[in-house]
Every structure is written in structure tokens, then in C-alpha cells.
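Topology and contacts: notes
Spelled out, the chains give:
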Amino acid sequence: MPKDQTEHKSHTSKVPTSTIGYAIDRFKRLQQKEVSVKILFDKIINKDTAALSKGITLIESLQQNHSEKAQQLVEMCLPYANNSIRIGITGVPGVGKSTFIEAMGNLLIQKGKKVAVLAVDPSSTISHGSILGDKTRMESLVRSPEAFIRPSPSGKSLGGVAQKTRESIILCEAAGYDVIIIETVGVGQSETAVHSMVDFFLLLKLAGAGDELQGIKRGIIEMADALVINKADGDNILSARKAKNQFRKALHLYPVSQNTWLPEVLTCSAIEGSGIEDIWKLILKFQDVTSKNGFFEENRIQQNKFWLLQTIEEQLKSSFYTNPKIKNELDLQIQNVQQHKITPFAAARYLFNLSKKTD
């Protein structure tokens, strides 16, 4: 074979024949590449969005060798954090959360703000996969250089919030984003997790969907700082106004919260952009009131306490299940329980005592 053909063959053999093969090969090389925490940190505080994405990927990684680096990165960014307003947005699927966030984000960017959106996509309980399509649902916002949108799979975490969302907030703040919006899955089961990491908790509702009375019964309203009836446009305007009055009456049944803030009910049309300005003014009003009465800072202190205890629980759980002796014994105890040889409580006590002995 001629020399030039040999060289050509040698060169092309290094390139995967398919786009998928090339992507997999590139991913493996990136995985093997050593991540420099200092370089990532320097780029993040200099507002490099690519570095911010890499930092959050490091935080979300399940590899043990990434955990220590992720912790170092978070601690380095911490002095540059706590300089934003954190807004949690939830609501049932189909209420228009992504459209609302895009309308809100575009408005804030016009006002000179930098907006980070941490959108949590539901993970399948069967395949454990997520679509992560939030960027496609926020087409105009994603094109803005002043916006950062990061979809993350919810996994098995409490309240449909990605396990590392709180650490991601710190990185976004260090990168100069002064408004952090967290979109939850909105399954309506437990939004405690997102409520415990934001300053302002906004609940989106729909009118004319049989959701008014159901919403009144659910305890989630007790956590909300504002209720917003979305899709108040076209033939739905009258229904939205009716729902607004119903929720206002319902809110009078709830006791005043510790922050002395009385939740308000507003209407908006995210697709038309109407009512979004009023919602932002309400958020600023909330920030002003709670800052003056000391609740804003106290709330963040209590949130830090909550996440300290939450992290301890997670680490204890992880330590238990990764214990080699527990791994070997767990299947046996499950079989014993299934065969009615031992009660689940006795088996749990045995495994727990076994884990203490191996410490």
C-alpha cells in the first residue's frame, strides 16, 4: 500500500465513523480528563457560563472521586454567593411553568438583571431517565447572554428537586446571577425541598380546570408567598378572575405566617406577557418587607440548618447502603422477611447493629 494511503488510513481510523460514536469517545475523554477546581472557580467568578455548566456537572456527578472536588468548588464559591433573590416556582404539569419563567426572565433581563433558571425535570420511575427539554421550551430566553438555563433530572430526591440544586444555586450566584429561579416538577406531593431553599415561593394555578377547590385543600398553599392564576387570556379571563376571588377568600382561613407577609393572588398571561410586571413588583415588595422585619436573613439561616440535617441524613443513608457487610447481608434479610422467618423491624434492627459493628 502506498505511503500516502497508509497515512490517510491511519488518520481516519482515529475518528469514529458515526456521530454517536464520536460523541461517546469525546465523553470518555472528558471523563478521564482531570478537573482543575481552581481553574473552574476562576472562570466561574469571571462569569464564564461554560465553566458554570462544568461546575454544576461536577456537583451532580455520582462518581466518588468527583465528590471532594465538588465540595472544594462550592466552598470556594461560597464567599461570592448569597447576593441574589431566590424564587421557587411550582404548579401542576400543564400550568405553564416554562412559559411563565421565560416571560419573567425576559422582563428581568430588560431591567438589567442576570437570570439563572434551574429547571428540574421529572425522572422516570421505570427507566430513571429524563427528557431535560426545558431549553427547548424557553427558546427566546435561552438565546440571551444574560440568562443561564440548566435542566437537571429530579432523580429520587425529596419534592422533585434535584439533589444538588442547593449547591448549584451557590455556583450561579458566584457567577453573578442576581435572580435565581427554581422550577420544580410540580407533582403536588411534597414541595418542602424547594420551599426550604428559596426566598419567595410562587404557586401557579389554572382557572376552569377544577383546580380551585383542590388547591384550597392542599397544604401547599400554606407555603406559598403568592398565588398566580396563569393563562388569564381569551375566553379564560372571566374564569381567572373568579378563581382569583375564590383563592383570596380561602387565604383568609390560614393563619398569618411568621414573616407577617400576607400572600396575594394575581392573574397573568405568560404567553401574552400581561401581569408579569405586577408579579415582579410583588416579589420586590416581599423582599423589602421581610428584609426590614429580619425574616429574610433569619429564613436563610434556618434553611442552612435544614440542609445541614438533610445532608447528614443522606450521608448516613449512603454510608449504610455502601457498607460491604450490609451489601452482602441485605439480600439475605430480604429473603428472610419474604419467607416470614423474621419481621421487617427485626431485620432492620439487625442490619443497623451490624453497620455499627463495622465502623
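Residues numbered from 1 in each chain as written. Predicted model: local features only at pLDDT ≥ 70, side-chain atom pairs only at ≥ 80, totals over all residues. Heavy atoms only, no water.

A short note on the layout of surface pockets
Operational definition: Throughout, the protein atoms alone are placed on a 1 Å grid, and a set of points is a cavity if a 1.4 Å probe fits but cannot get out or a pocket if it is open with protein on both sides within 12 Å along at least five of seven lines; lining residues have an atom within 4 Å of a point. Grid points are joined across faces, edges and corners, and a volume is the space filled by probe spheres set on the points. Secondary structure elements are taken from DSSP: a helix is a run of H or I of four residues or more, a strand is a run of E of two residues or more, and numbering for both begins at the N terminus. Basically, the charged four are Asp, Glu, Lys and Arg, the nonpolar ten are Ala, Val, Leu, Ile, Met, Phe, Trp, Tyr, Cys and Pro, and anything else, Gly included, counts as polar.
Taken as a whole, the second largest pocket holds about 830 Å³ of empty space. Lining the second largest pocket are 33 residues, with E222, M223, D225, S257 and N259 sitting closest to its centre. For the lining of the second largest pocket, the leading source of residues is helix α15 (residues 295–322), giving six residues. Looking at the lining of the second largest pocket residue by residue, the classes come out as 17 nonpolar, ten polar and six charged.

Observations regarding the packing of helix α6 (residues 97–110) against helix α14 (residues 276–292)
Using the following cut-off: Lines fitted to C-alpha atoms define the axes here, with helix axes fitted over just the stretch in contact, and angles between the N-to-C directions of these axes take values from 0 to 180 degrees. Comment on the angle field: the value is read as roughly parallel under 35 degrees, roughly antiparallel over 145, roughly perpendicular from 65 to 115, and oblique elsewhere. Throughout, a residue-residue contact means that at least one pair of heavy atoms, one from each residue, lies within 4.5 Å.
Direction vectors running N to C along α6 and α14 enclose 75 degrees, while the axes themselves pass 10 Å from each other. It follows that α6 is roughly perpendicular to α14 by the angle criterion. Contacts between α6 and α14 involve F100, A103, M104, L107 and L108 on the former and, on the latter, I276, E277, I279, W280 and I283. Along the lines of polarity and charge, the residues of the contact of α6 with α14 split into nine nonpolar, no polar and one charged.

Describing the confidence of the model for the chain
Where we set the bar: Confidence of the predictor at the level of single residues is given by pLDDT, which spans 0 to 100.
Mean pLDDT over the chain stands at 82; residues scoring 70 or higher make up 77%. The low-confidence segment residues 6–13, where pLDDT is below 50, has one contact with residues more than four positions distant or belonging to other chains. Predicted confidence for residues 123–133 stays below pLDDT 50, and this span has 18 contacts to residues more than four positions away or in other chains.

A closer look at helix α3 (residues 37–45)
Quick note on the threshold: The buried label goes to any residue with under 20% of its type's maximum accessible area, the exposed label to any with over 50%, and the partly exposed label to all in between, with areas taken from a 1.4 Å probe on protein chains only. By construction, the arc corresponds to the directions joining the helix axis to the C-beta atoms.
Among the residues of α3, V37, L40, F41 and I44 are the ones counted as buried. Buried residues of α3, seen end-on, are gathered within an arc of 100 degrees and therefore sit on one face of the element. Residues of α3 that are buried make contact with α4 (49–60), α5 (64–77) and α9 (165–174). Looking at the residues trailing α3, positive phi occurs at K47, about 65 degrees.

Notes on the pairing of strand β6 (residues 226–230)
Using the following cut-off: Handedness of a crossover: with both strands directed away from the viewer, a clockwise path from the first strand across the helix to the second marks it as right-handed.
Of all five residues in β6, five are buried, a share of seventy percent or more. Handedness of the crossover joining β6 and strand β7 (residues 264–267) through helix α13 (residues 237–251) is recorded here as right-handed.

Digging into the packing of aromatic side chains
Heads up, the condition is: Aromatic rings from Phe, Tyr and Trp, with only the six-membered ring used for Trp, were paired whenever their centres fell within 6.5 Å, and each pair was classed as stacked if the ring planes differed by under 30 degrees, edge-to-face if by over 60, and tilted otherwise. Here, over-ring charges are defined by two tests on the NZ atom of lysine or the CZ atom of arginine: distance to the ring centre within 6 Å, and angle to the ring normal within 35 degrees.
Across all of its chains, the model carries six aromatic pairs by this definition. Taking the centre distance of 5.3 Å and the plane angle of 90 degrees together, the rings of W261 and F286 count as edge-to-face. With W261 in the loop between α13 and β7 and F286 in helix α14, the pair connects residues that are 25 residues apart, well separated along the chain. Side by side, W261 and F286 carry an identical accessibility label, which is buried. Chaining the aromatic ring pairs together yields one cluster made of F200, W261 and F286. Geometry around Y177 places K114 over its ring, the cationic atom sitting 4.4 Å from the centre.

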